[in-house]
Amino acid sequence: QLRARAGERQMLRACALPFHARCALPFRSAFRFAHSGRRRGSAPPGPQPFRRGGDRRTADKLRASQKLPHRERPINNQDIGELNLVFLGTASAQATTSRAQQSVALRVQNETWLFDCGGQTQMQMLRAGIAPLSVTRIFISHMHGDHVFGLPAVIAMCANSSMQQVSASADVRRWEKVPLQLVGPVGLRAWLRTVLANSYVGLGRLRLQVHELHGLEALQQPKHVPAVLSGVPPLHGEVLAPPLWPEEDGAWSVPHPTAHGGRSAPRAPKMRIRAVEMDHTVPTVGWLLEEYPRPGSLHADRLLPLLEAHGVEKRLLGQFKLGTPIELPTGELLQPSDFMDPPTSRRIGLLSDTRDCSRAAAHCEGVDVLVHECTNACTNFDRQRGRGPDTIRRLAVEHGHSTPQMAAQFASEIGAKRLVLTHFSSRYLGSGSAYADGVMNEIRNLAKQHYGGPVTCARDFLRVEMQV
């Protein structure tokens, strides 16, 4: 009896372990646990998750009944109403020891959306604690190497995780049903097929869906026509997607990822994403993210007395907050707009390499956070060598980039509530030293001359939180 009780206790402790830890138990220990305290030929006293091919469903039910921790999941669930911007890379074309190439991650609900994938994005994700299985959408602004050379490595890491994380059954099923969505200019699909096929990358359970943005004005110039390879077959596991064309206002609306059969992703975050063309040396777009409107605050002190006076049930308040009016017994209609504040929504503007983003002004008006590139700036280092602000601006515009003054002027024009500068030249370190902080303060002060809101100079792993 004592041996049987000891075996049951050991079995319960084994059930509480993650699946990969249970499979790693020594065979002799597993044999001893399974056979302790029972007769030969009799059924085991409970589920045997440590045996290969054991009943994992029964183990999960036992774990739930005993309120034991669930199996490890690679996704770090966060508050649904919180949006987190994580700057994985803040350098421009050339990475440094303190700045990786351009990449920004948005953590929304339990998903991660990547905006550009520089060469070090894979390592930066691991350092930032971003699980590969949480990446559901990747947006590429343009096809310059410092924005796409890390994309094949990220896809390979996601594919490898989808094959290894078999214990996270719910997440693996999501990968099988809803593909990883990639959105970018024309040429992204052919480049991705060529790189992945010739490097023998196996996608495993991963599915890919590539949306290309057609109709960019920069594509009309012969020097900007991408070398689209004809006859490149689709990847194994690629879900074909139709091209995206601009709407009447000149912007592209990005659809939600679609599974087999054209169905939208289940429980997709309620965010609307649009692309706007930027003026750069190659076809480039910026991104506008807008949350679906959330109902405003309810003035219960004014509404509840009316409902009580007419005997109306309070259960109607749920639909009332969503816009359904309440009819009183007298025939009077109570409109939600008379008892609620206006709906609110958070908006983010991510404007990558550009020397003129005037086309995005109407779309980014009043954004909560504006992320703008700031490649070059006139600092004390430049003034000591006889280069003034006009010279730095001219050099930046020739290479298709902006200065802090240009970014600040645009933020002031659109009424942005906060400005975050990124995409710095390799001359501006992000190490956190006294010299690097002094240069960043110079750049911040240059922007504050033209913008009255808060200005932040991003460094790698900076987190910008947007509360509800």
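Since this is a predicted model, take the numbers as computed values, not measurements. All residue numbers refer to positions counted from 1 along the written sequence of the respective chain. Totals for whole chains, interfaces and linings use all residues, but because this is a predicted model, local features are given only for residues with pLDDT of at least 70 and pairs of side-chain atoms are given and counted only at 80 or more. The side-chain values count all of the structure's non-hydrogen atoms but skip hydrogen atoms and water molecules.

(A) Seen up close, the packing of aromatic side chains. Aromatic rings from Phe, Tyr and Trp, with only the six-membered ring used for Trp, were paired whenever their centres fell within 6.5 Å, and each pair was classed as stacked if the ring planes differed by under 30 degrees, edge-to-face if by over 60, and tilted otherwise. The full count for this structure, using the stated rule, is five aromatic pairs. Among the aromatic side chains, those forming a connected cluster through ring pairs are Trp113, Phe115, Phe139 and Trp287. We call a charge positioned above a ring when the Lys NZ or Arg CZ atom is no farther than 6 Å from the ring centre and deviates by at most 35 degrees from the ring normal. A cation over an aromatic ring shows up here: Arg137 above the ring of Trp113, its NZ or CZ 4.9 Å from the ring centre. In this arrangement the basic side chain of Arg385 is found over the ring face of Phe381, its NZ or CZ atom lying 3.8 Å from the centre.

(B) Here's a closer look at a nonpolar patch on the surface. Here a patch means residues that are over 30% exposed by relative accessible area and free of salt bridges, tied together within 9 Å if like-charged and within 5 Å if nonpolar (Val, Leu, Ile, Met, Phe, Trp, Tyr). Accessible areas in this description were obtained via Shrake-Rupley with a 1.4 Å probe; residue shielding takes into account the shown protein chains only. Any Lys or Arg side-chain nitrogen located within 4 Å of an Asp or Glu carboxyl oxygen qualifies as a salt bridge. A contiguous nonpolar patch, built from Phe381, Leu429 and Tyr435 and spanning about 280 Å² of accessible area, is present on the exposed surface. Each residue is placed in one exposure class: buried if its accessible area under a 1.4 Å probe, protein chains only, is under 20% of its type's maximum, exposed if it is over 50%, and partly exposed if it falls in between. With a relative accessible area of 32%, Leu429 lands in the partly exposed category.

(C) Helix 9 (residues 188-198), seen in detail. Every helix listed is a DSSP run of H or I at least four residues long, and every strand listed is a run of E at least two residues long, numbered separately from the N terminus. Of the residues making up helix 9, those classed as buried are Leu188, Arg189, Ala190, Leu192, Arg193 and Leu196. At the exit of helix 9 stands Tyr200, carrying a positive phi of roughly 60 degrees.

(D) View of the pattern of salt bridges. In total, this model carries 19 salt bridges according to the counting rule given. Put simply, Glu247 and Arg274 hold a salt bridge, and the shortest N to O gap is 2.7 Å. Taken together, the residues span a long stretch of sequence, with Glu247 in the loop between strand 6 (208-213) and strand 7 (252-254) and Arg274 in strand 8 (residues 271-278) at a distance of 27 residues. Residue Glu247 is classed as partly exposed on the basis of its relative accessible area, which comes to 38%. One salt bridge in this structure joins Lys417 and Asp368, with 3.3 Å as the shortest N-O distance. Linking Lys417 in the loop between helix 14 (404-414) and strand 14 (419-422) with Asp368 in the loop between strand 12 (347-351) and strand 13 (369-373), this pair joins segments that are 49 residues apart in sequence. Counted as one network, the salt bridges with shared partners bring together Arg189, Arg193, Glu212 and Glu238.

(E) The arrangement of the nonpolar core in detail. With 31 residues, the main nonpolar core has Leu85, Trp113, Phe115, Leu213, Trp287 and Leu289 as its most contacted residues. Residues belong to a common nonpolar core when they are buried Ala, Val, Leu, Ile, Met, Phe, Trp, Tyr or Cys residues joined through side-chain atoms within 4.5 Å. Ranked by size, the runner-up nonpolar core spans 30 residues in total, among them Leu288, Leu421, Val439 and Ile443.

(F) Local environment of unusual backbone geometry. Residue Gln109 is not a glycine yet carries a positive backbone phi of 55 degrees. Assignment of secondary structure puts Gln109 in the loop between strand 2 (103-108) and strand 3 (111-115). The exposure class of Gln109 is partly exposed, given its relative accessible area of 23%. The phi dihedral of Phe461 falls on the positive side, at around 75 degrees, and the residue is not glycine. Within the secondary structure, Phe461 sits in the loop between strand 15 (455-457) and strand 16 (462-466). Relative accessible area serves as the criterion here: at 34%, Phe461 is assigned to the partly exposed category.

(G) Broad picture of the state of the cysteines. Disulfides are defined as pairs of cysteine sulfur atoms found within 2.5 Å of each other. Summed over all chains, the structure comprises zero disulfides. Unpaired in this structure, Cys158 has its nearest cysteine sulfur neighbour in Cys117, at a distance of 8.8 Å. For Cys158, a relative accessible area of 0% gives the class buried. With no disulfide of its own, Cys364 lies 7.8 Å from the sulfur of Cys357, the closest cysteine sulfur.

(H) Structural context of the pairing of strand 4 (residues 135-139). Burial of strand 4 is extensive: five of the five residues sit out of reach of the surface. Sheet analysis places strand 3 next to strand 4, joined by four bridges and oriented parallel. Each bridged residue has a counterpart across the sheet, and for Phe115 the counterpart in strand 4 is Phe139. A crossover links strand 3 with its parallel partner strand 4, the connecting element being helix 5 (residues 121-128), and its sense is right-handed. The pairing criterion for strands is at least two bridges between them, as found by DSSP. Pairing of strand 4 with strand 5 (residues 180-185) involves three bridges; the strand directions are parallel. Each residue of the ladder has a partner; that of Arg137, found in strand 5, is Gln181. By convention a crossover is right-handed if, when the strands point away from the viewer, the path from the first strand over the helix to the second runs clockwise.

(I) Quick peek at the pairing of strand 9 (residues 284-291). Extensive coverage of strand 9 is indicated by the burial of seven of its eight residues. Direction of pairing for strand 8 relative to strand 9: antiparallel, over a ladder of eight bridges. Bridging across to strand 9, Met278 finds its partner in Thr284. Connecting strand 8 to the antiparallel partner strand 9 that follows it, the hairpin turn spans five residues. As paired elements, strand 9 and strand 12 share four bridges and run antiparallel to each other. Of the residues in strand 12, the one forming a bridge with Leu288 is Gly349.

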